[in-house]
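Chain residues, written in single-letter form:
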Amino acid sequence: MLIASIAIYYFSVNFRRHDFIGLLRSRAVSVAKFALDSYEYNANLILRSGTGYPTRLPDEKYMILNFNKDTLYTSDRFWELKDLNTIIRFVKDDKEVSYRQDDYYVLGTSHTTGVYKFVIIGAAIDKEGLLHLKKLRNILLIVCLISLISFSIAGWLYSGRALKPISNVVRKVEDISITSLNLRVPEGNGTDEIGRLAKTFNKMLERLETSFGMQKNFIANASHELRTPLTSINGQIEVLMMKERSVDEYKSALGSLLEDIKSLIDLSNRLILMARTSAEDPLSYISKIRIDDIIWQVQEDMKRINPLYHIIITPDSSLTDSEQIIVAGDEYMLKTAVTNIVENACKYSSDHSVNIKFSHVDKLVKVVFEDRGIGISEEDIKKIFEPFYRGDNSIAYPGTGIGLSLVNQIIKNHNGTINISSKIGRGTIITLLLPAIA
Ligand code: ADP
């Protein structure tokens, strides 16, 4: 507004000046004509004065000179002109000159009568123009002031209204802590930027709430699982110490204690692995691993640990090159995954055996574990990847419910997929698909 007002005022002053100088020029020329025509030109007649002509412009004054600076005519003998020399110099070069002296506009121009050329100088006060410009200046100042006040008030009101949803979100976020992750921020109409931001924030809160809940569950389950063997160890030692025992009694008690301690070690190893797999960066899995090597190794280990377990390995007949079954990964992790699946298959089947087939399909290494065990219900299949979840069918079998969630995490970290299909009483088929290097 200020820039526009200054521009309007500046151009108005210029237009007005231009118009007034135009008026002054035509008056000066007509006065010169009249003066020079009325009196015979005489070089010695230096001063002639008088205002015998109707005054057209306010406080107008005129002067006629020759180029020797002799004044031939002046309407005001007390008139003192600044820069007379400059005017004469300009007019001599056929140029017109105008400037402002106090309230007066001064114009210097030439006029030719016959063979003689004269310098005509006119001056007048643009009273009307000055008055108009003063009015314009006042109007512009008032308009600027009113705009400033109204814009300030409107800006204050609208910015307050526009920022209100943000303040609401900020206030709500300040209330949210780990213990109140169920709170949500107001989403407003949900369509503008702030609404979308609040929606995204709420989605993030939802994810945080779920993962905090899972973590809480995990800790509760882990402590419960750790406490069971510890309580059993504690009970056995207390009973043992009640009285003197025979060597055989001590031996059998120590054997049972050893079993409990072994299961404790197994559980803590699995928990450490769980923590490792969820914290590990899958990008660090870069070793080239032949999947059949892993399977053979697991077969050897199982033979040693549990001679009852029977593992039948069948490579697919379509395999032509060992390169086809190489994956990028972490050997220890992949072995852990395969061991868990094999152990489950043998554990949950009366014949304690599992069939393992591996092949290369569409740039993927496919490993299929098939058993003829107790099978898993549809309901359980949906949940068996959750940490500590044990199926209804597993009550009679030892276990912690960590195995498959560990397998799932390991396969995910290797950019692979795991699929389970099972029929109660018939058996289970677990299929792993891992990206092949070749
Ligand atoms: P667990 O220590 O109970 O074996 P897992 O996480 O390894 O824990 O398996 C989760 C559940 O999945 C088991 O409790 C069991 O109900 C079911 N399950 C896994 N593998 C098999 C299988 N091969 N046959 C039948 N049930 C299985």
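All of these numbers come straight from a predicted model, not from anything done at the bench.

Each aromatic ring pair is specified by the distance between its two centres and by the angle formed by the two planes. In this structure the tally under the stated criterion is four aromatic pairs. For the ring pair Tyr10 and Phe11, a centre distance of 5.4 Å and an interplane angle of 75 degrees mean the geometry is edge-to-face. Geometry around Tyr104 places Lys61 over its ring, the cationic atom sitting 4.5 Å from the centre. Of note, Arg161 hangs over the ring of Tyr158, and the distance from its end group to the ring centre comes to 5.7 Å.

Here the focus is the site of the ligand. In the vicinity of the ligand there are 21 residues, among which Asn344, Tyr348, Arg390, Asn393 and Leu404 approach most closely. For the ligand, an oxygen atom lies 3.3 Å from a polar atom in the side chain of Ser394. Relative to its unbound accessible surface of 520 Å², the ligand loses 99% to contact with the protein. Broken down by secondary-structure element, the contributors of at least two residues to the shell around the ligand are helix H7 (331-347) and helix H9 (403-413). With three residues, H7 is the largest single contributor of residues to the shell around the ligand.

Turning our eyes to something else, we now look at the pattern of salt bridges. When the charged atoms of two side chains lie near each other, side chains of opposite charge can form a pair. Throughout the structure, instances matching the rule amount to 17 salt bridges. Note that Glu60 and Arg27 form a salt bridge whose closest N and O atoms lie 2.5 Å from each other. Here Glu60 is found in the loop between helix H1 (2-38) and strand E1 (61-65), whereas its partner Arg27 is found in helix H1, with 33 residues between them in sequence. With respect to class, Glu60 is no different from Arg27; both count as buried. Lys117 is the salt-bridge partner of Asp94, the closest N and O atoms lying 2.4 Å from each other. With Asp94 in the loop between helix H2 (84-92) and strand E3 (97-101) and Lys117 in strand E5 (residues 116-125), this pair connects stretches of sequence that are 23 residues apart. Lys117 gets classed as partly exposed once you look at its relative accessible area, which sits at 28%. Overlapping salt bridges bring together Asp266, Arg270 and Glu343 as one network.

Looking now at the sheet that holds strand E9 (residues 353-361). The five strands lie next to each other as E7-E9-E10-E12-E11, forming an open sheet whose pairing is mixed. Taken across any chain shown, the strands that pair with only one partner, and hence form the sheet edges, are strand E7 (310-315) and strand E11 (417-423). Direction aside, neighbouring strands of the sheet carry axes that sit 15 degrees apart on average. Docked against the sheet, helix H6 (residues 291-305) engages E7, E9, strand E10 (364-371) and strand E12 (427-435), running at close to 160 degrees with respect to E7. Of the strands in this sheet, E11 and E12 are in contact with H9, which crosses E11 at around 145 degrees.

We now examine the sheet that holds E3. Strand order in the open sheet formed by five strands is E2-E1-E5-E4-E3, and the pairing between neighbours is antiparallel. In the strand order of this sheet, the two ends are held by strand E2 (71-74) and E3, each with one partner. Going across the sheet, the axis of each strand differs from the next one's by a mean of 20 degrees, ignoring polarity. The pairing of E1 with E5 spans five bridges and is classified as antiparallel.

Another point: the environment of Ile219. Of note, Ile219 is situated in helix H4 (residues 193-240). Under the relative-accessibility criterion, Ile219 is labelled exposed at 53%. Residues Ile219 and Ile272, spaced 53 residues apart in sequence, show a C-alpha to C-alpha distance of 13 Å.

What follows covers the pairing of E10. Sheet analysis places E9 next to E10, joined by seven bridges and oriented antiparallel. Within E10, the position partnered with Val361 by the bridge is Leu364. In sequence, E9 turns back onto E10 through a hairpin of two residues, with Asp362 there showing a positive phi of about 45 degrees. In this structure, E10 lies alongside E12, joined through eight bridges in antiparallel fashion. Bridged to Val367 within E12 is Leu432.

A separate point is the packing of H7 against H9. Angle between the axes and distance between the axes: these two values describe a pair of packed helices. Contact geometry of H7 with H9 gives a least axis separation of 9 Å together with a crossing angle of 145 degrees. Handedness of the H7/H9 crossing: left-handed. When H7 is examined against H9, the residues Met333, Leu334, Thr336, Ala337, Asn340, Ile341 and Asn344 are found in contact with a partner set consisting of Gly403, Leu404, Leu406, Val407, Ile410 and Ile411. Split into classes, the residues belonging to the contact of H7 with H9 amount to nine nonpolar, four polar and no charged.

So, about unusual backbone geometry. Although it is not a glycine, Lys363 sits at a positive phi angle of roughly 60 degrees. The phi angle at Asn415 is positive, at roughly 60 degrees, despite the residue not being glycine. With respect to the helices and strands, the residue Asn415 is situated in the loop between H9 and E11.

At a minimum axis distance of 10 Å, the contact between helix H3 (residues 127-175) and H4 shows a crossing angle of 15 degrees. The angle between H3 and H4 falls in the class roughly parallel. In this structure, the crossing between H3 and H4 has a hand that is left-handed. Between H3 and H4, the contacting residues are Ala162, Pro165, Ile166, Val169 and Val173 on the first element and Ile194, Ala198 and Phe201 on the second. For the contact of H3 with H4, the residue count by class is eight nonpolar, no polar and no charged.

Cut-offs and rules
Throughout this description, residue numbers start from 1 for each chain and increase along the sequence as written. Selection of residues for local features in this predicted model requires a pLDDT of at least 70, selection of side-chain atom pairs for listing and counting requires 80 or more, and totals for whole chains, interfaces and linings are taken over all residues. Side-chain descriptors were evaluated using all non-hydrogen atoms of the structure, hydrogens and water having been removed beforehand. Each Phe, Tyr or Trp ring (for Trp, its six-membered ring) is paired with any other whose centre lies within 6.5 Å, and the angle between the two planes then decides the class: stacked below 30 degrees, edge-to-face above 60, tilted in between. The rule for a charge over a ring is simple: NZ of Lys or CZ of Arg within 6 Å of the ring centre, and within 35 degrees of the ring normal. Proximity is defined per residue: if any heavy atom of the residue lies within 4 Å of a molecule or strand, that residue is considered near it. Pairs of N or O atoms within 3.5 Å make up the polar contacts considered here, provided that, within protein, one atom can donate a hydrogen while the other can accept it, and that residues adjacent in sequence are counted only when both atoms are side-chain atoms. Reported accessibility uses the Shrake-Rupley method at a 1.4 Å probe radius. Residues are deemed covered only where the shown protein chains occlude them. In this text, helices come from DSSP runs of H or I with a minimum length of four residues, and strands from runs of E with a minimum of two, each type numbered from the N-terminal end. By convention in these notes, a salt bridge is any Lys or Arg side-chain nitrogen within 4 Å of a carboxyl oxygen on Asp or Glu. Burial status follows relative accessibility: with a 1.4 Å probe on protein chains alone, a residue under 20% of its type maximum counts as buried, one over 50% as exposed, and anything between as partly exposed. The rule for pairing is simple: two strands pair if DSSP sees at least two bridges between them. The axes used here are C-alpha line fits, helices contributing only the stretch in contact, and every angle between their N-to-C directions lies in the interval 0 to 180 degrees. Contacts were defined at the residue level, with two residues in contact if any of their heavy atoms lie within 4.5 Å. Crossing handedness is read from the near helix: turned anticlockwise from the far helix by less than a right angle, it gives a left-handed crossing, and turned clockwise, a right-handed one. Charged means Asp, Glu, Lys or Arg here, nonpolar means Ala, Val, Leu, Ile, Met, Phe, Trp, Tyr, Cys or Pro, and polar covers whatever is left, Gly included. Angles below 35 degrees are treated as roughly parallel, those above 145 as roughly antiparallel, those between 65 and 115 as roughly perpendicular, and all remaining angles as oblique.

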